[in-house]
Amino acid sequence: MAERHAQLSFDGKEYELPIVEPTIGNAGINIAKLRATSGDVTYDPGFANSAGARSTITYIDGAAGVLQHRGYAIEDLAANASFLEIAYLLLRGKLPTQTELDDWADEVRMHTLLNEEMKRFFDAFPKSAHPMAILSSATNAISTFYEEYHDPTDAAAFDESAVRLLAKMPTIAAWAYKKSIGMPYIYPRNDLNYVENFLHMMFAAPTASYEVDPVIAKAVNVLFVLHADHEQNCSTATVRGVGSSQANLFASVGAGIDALWGPLHGGANQRVIEMLQTIVDDPDATAKSVIARAKDPNDPFRLMGFGHRVYKNYDPRARVLRSYADDVLAAVGIKDPLFDIAKELEQAALEDDYFIERKLFPNVDFYSGLIFRALDFPTRMFTVLFAIGRLPGWMSQWKEMTEDPDTRIMRPRQIYVGDINKAYVPIEDR
Ligand code: ACO
């Protein structure tokens with residue numbers, strides 16, 4: 001195909017901008033040299049219209065509600081893949097053979113313990129500490145035990161660090177929970193698989209044996225798989241941005257955890273449940289009154305778990321979860337009034353002109369919390385579960401960024417609109 005260009009006409013001058021071609025989806029108008037040739041920059045708050053990278057990891061068609069990792073549909077992966085299998089797919093670029101997967105799982109198993117000194121680290125937090133704060137701090141803290149693996153140009157060091165992070169993240173998450181309820185930390189058991197081991201560390205106590213329920217293990221696996229990557233979302237862009245300064249993988253992932261915590265991103269799964277609970281608790285609140293608040297331009301309230309920067313159709317992950325939620329609730333024998341409210345709210349929103357015009361549909365966070373809740377996870381752990389799921393995505397995107405010859409330190413420009421050339425006024429004269 002002949003090389004395509006876009007023409008930009010500005011201030012009486014013509015600029016020819018090369019096109020970056022995709023395999024599928026939107027092409028990119030390359031403006032990298034625009035400032036050098038014109039003196040001006042582009043303006044794009046939230047980078048809603050800017051591609052920061054070329055990527056081979058995840059493809060989304062937001063209009064059609066399509067999500068694929070390395071070319072495989074999310075529905076297929078959610079139905080068939082184990083979490084470590086999808087981690088391998090994202091990090092290594094291909095589905096593993098059985099031997100490769102077994103070796104990979106063994107490698108991860110070797111690193112599930114935290115250094116014993118980390119126990120004192122957990123002790124230092126107040127009991128009320130949000131587990132996302134502990135998760136992010138602990139991710140940075142464990143980097144201090146592995147400083148010889150910090151060189152971002154060392155591929156073998158990346159592999160070591162990636163395996164360590166995958167292995168230790170569930171241990172950190174479970175210990176953050178144990179800390180919050182004042183119970184002893186439970187050590188990993190390497191005879192269990194990845195998800196079973198996490199459940200064991202979360203819910204076992206030293207005083208009694210704990211059997212992992214296969215229904216719960218399967219549901220957590222599906223949830224982790226559904227969260228594994230989502231191209232250049234806020235936390236992933238943060239991981240890439242921090243990594244672009246050649247900060248190490250642990251530091252970059254720690255920053256990604258912080259970005260995920262926000263209620264407009266992964267923190268929405270906690271907020272959805274809190275929102276549904278207020279409807280149950282308030283006799284005057286109905287699905288309709290909540291929708292009316294969300295539509296009110298003078299009220300900052302938003303319908304949590306609704307809307308998405310990229311999806312202008314039903315989020316395919318939410319679609320899987322909606323039907324899966326029915327099965328899980330039935331399997332664990334729970335009738336949750338919040339689930340009925342959620343379905344009512346969804347129905348009311350999907351029929352409302354405000355939501356129809358803006359193409360606002362349920363996103364992954366709308367139903368995930370209901371499943372986590374049915375599986376007995378406390379609400380404040382929901383975003384932590386999202387983080388464990390998203391970890392392979394963050395790390396594969398970080399790796400792709402470090403290997404891309406186009407990568408430069410992330411350093412956007414600005415358009416200055418403030419005062420200039422003012423004379424300093426001595427403090428007594430102000
Ligand atoms: N409730 C009510 N109105 C909404 C909602 C919502 N949940 N989401 C978007 N809108 C409205 C906006 O007010 C805006 O209306 P306007 O055109 O009249 O000003 C319009 O829809 C477009 O919304 P933007 O905020 O411009 O969309 P953006 O792409 O910047 O934001 C976001 C996307 C942050 C996800 C937003 O939809 C939102 O706040 N949703 C609720 C929080 C949430 O569920 N976050 C999880 C996202 S998925 C994830 O991160 C895993």
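Note: the structure precedes this text.
For every chain, the first residue of the written sequence is number 1, and numbering continues from 1 onward in sequence order. Per-residue local features of the predicted model are confined to residues with pLDDT of at least 70, and side-chain atom pairs are confined, for both listing and counting, to 80 or more; whole-chain, interface and lining totals are unaffected and use all residues. With hydrogens and water excluded, all non-hydrogen atoms of the structure serve as input to the side-chain values.

Describing the pattern of salt bridges
A side-chain nitrogen of Lys or Arg and a carboxyl oxygen of Asp or Glu constitute a salt bridge if their distance falls within 4 Å. As enumerated under the stated definition, the model contains 19 salt bridges in all. For Arg164, the salt bridge is made with Glu160, and the minimal N-O distance between the two is 3.4 Å. Residue Arg164 and its partner Glu160 are located together in helix α7 (residues 155-181), separated by 4 residues, close to a single helical turn. Exposure categories follow from relative accessible area, calculated using a 1.4 Å probe and restricted to protein chains: below 20% of the type maximum is buried, above 50% is exposed, and the middle band is partly exposed. For Glu160, a relative accessible area of 31% gives the class partly exposed. Where helices and strands are cited, they refer to DSSP runs of H or I of at least four residues and of E of at least two residues respectively, numbered from the N terminus.

Points about the environment of Gly389
Looking at the element boundaries, Gly389 is found in helix α18 (residues 382-403). The exposure class of Gly389 is buried, given its relative accessible area of 0%.

Things to note about the packing of helix α17 (residues 364-374) against α18
Each axis is a line fitted through C-alpha atoms, taken for helices only over the stretch in contact, and angles between the N-to-C directions span 0 to 180 degrees. Relative to each other, α17 and α18 sit at 110°, their axes nearing to 10 Å. By the angle between their axes, α17 is roughly perpendicular relative to α18. Note on element contacts: α18 touches α17 through Phe382, Leu385 and Phe386, opposite Asp365, Gly369, Phe372 and Arg373. Under the grouping applied here, Gly and all other residues not named as nonpolar or charged are polar, the nonpolar ones being Ala, Val, Leu, Ile, Met, Phe, Trp, Tyr, Cys and Pro and the charged ones Asp, Glu, Lys and Arg. Each residue belonging to the contact of α17 with α18 can be placed in one class, and the counts come to 4 nonpolar, 1 polar and 2 charged. Angle categories: roughly parallel below 35 degrees, roughly antiparallel above 145, roughly perpendicular from 65 to 115, and oblique for all the rest. Here, two residues are considered to be in contact whenever any of their heavy atoms come within 4.5 Å of each other.

Here's the deal with unusual backbone geometry
A positive phi angle, close to 55°, is found at Asp11, a residue other than glycine. With respect to the helices and strands, Asp11 occurs in the loop between β1 (5-10) and β2 (13-20). Take Asp11: its relative accessible area is 69%, and that puts it in the exposed class. The backbone phi angle of Lys359 is positive, close to 55°, even though this residue is not glycine. Tracing the backbone through its elements, the reader meets Lys359 in the loop between α16 (353-357) and α17.

Re a negative patch on the surface
A cluster of acidic residues, Asp102, Asp103, Glu107 and Asp159, forms a negative patch at the surface. Per-element accounting of the negative patch gives the leading share, 3 residues, to helix α4 (residues 98-109). Secondary-structure assignment places Glu107 in helix α4. Here, patches come from residues exposed beyond 30% relative accessible area and free of salt bridges, joined within 9 Å for like charges and within 5 Å for nonpolar side chains (Val, Leu, Ile, Met, Phe, Trp, Tyr). For accessible areas, the Shrake-Rupley method is used with a probe of radius 1.4 Å. Any residue's cover is judged against the shown protein chains and nothing else. Within this scheme the basic residues Lys and Arg register as positive and the acidic residues Asp and Glu register as negative, but His and the chain ends are omitted. To locate a charge, take NZ of a lysine, CZ of an arginine, CG of an aspartate or CD of a glutamate.

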